[in-house]
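Now for the letters of each chain:
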Amino acid sequence: MPTPNEIREQIATLEKQLREAEEAERKAALVGDAKRATALLTLMRESQKEIERLFPGTFSGEKWEAITPQAWPRDTSFKRAADLSETEIQNARDAGKDAVAKLKTK
């Protein structure tokens, strides 16, 4: 039978492993969220360009000045938050562009 100190050591080890596993899960979720956010942001930008191409002047005027693409968040913040590679960011951007491209063909 283990001694009380041995049991405490086992508990401490298991608690450490639990914290590490929870942190790994949190980081994995953050990576997925950052990739989706990057794709969605790219989709927004590409959608605005496509709408403007179809109907010039749609985004002109006072009400649209505050939401110009320059005022939108940058995907670099998502990249840093989830420690994504350039390839992962580019793949997410491409996914956003592909979504708009699919709509063009319908």
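Residues numbered from 1 in each chain as written. Predicted model: local features only at pLDDT ≥ 70, side-chain atom pairs only at ≥ 80, totals over all residues. Heavy atoms only, no water.

Description of the packing of helix H1 (residues 4-54) against helix H4 (residues 86-104)
- Two numbers describe how H1 lies on H4: the axes approach to 7 Å, and their chain directions differ by 40°. By the criterion of interaxial angle, the relationship of H1 to H4 is oblique. Between H1 and H4 the crossing geometry is right-handed. In contact with Lys 35, Thr 38, Ala 39, Thr 42, Leu 43, Glu 46, Ser 47 and Glu 50 of H1, H4 contributes Glu 88, Ile 89, Ala 92, Arg 93, Ala 95, Gly 96, Lys 97, Ala 99, Val 100 and Lys 104. (Axes fitted to C-alpha atoms, helices over the stretch in contact; angles between N-to-C directions. Helix = DSSP H or I, 4+ residues; strand = E, 2+ residues; numbered from the N terminus. Parallel < 35°, antiparallel > 145°, perpendicular 65-115°, else oblique. Left-handed = near helix turned anticlockwise from the far one by under 90°. Contact = heavy atoms within 4.5 Å.)

Digging into H4
- When the terminal C-alpha atoms of H4 are compared, their 27 Å separation across 19 residues agrees well with the 27 Å that a helix rising 1.5 Å per residue should span.
- Those residues of H4 that fall on the buried side of the exposure criterion are Ile 89, Ala 92, Gly 96 and Val 100. Down the axis of H4, the smallest arc covering the buried residues is 80°, so these residues share one side. Set apart from the buried face of H4 by more than 90 degrees, the exposed residues are Glu 86, Thr 87, Lys 102 and Lys 104. (Expected span 1.5 Å × (residues − 1). Buried < 20%, exposed > 50% of the residue type's maximum accessible area, 1.4 Å probe, protein only. Arc of directions from axis to C-beta.)

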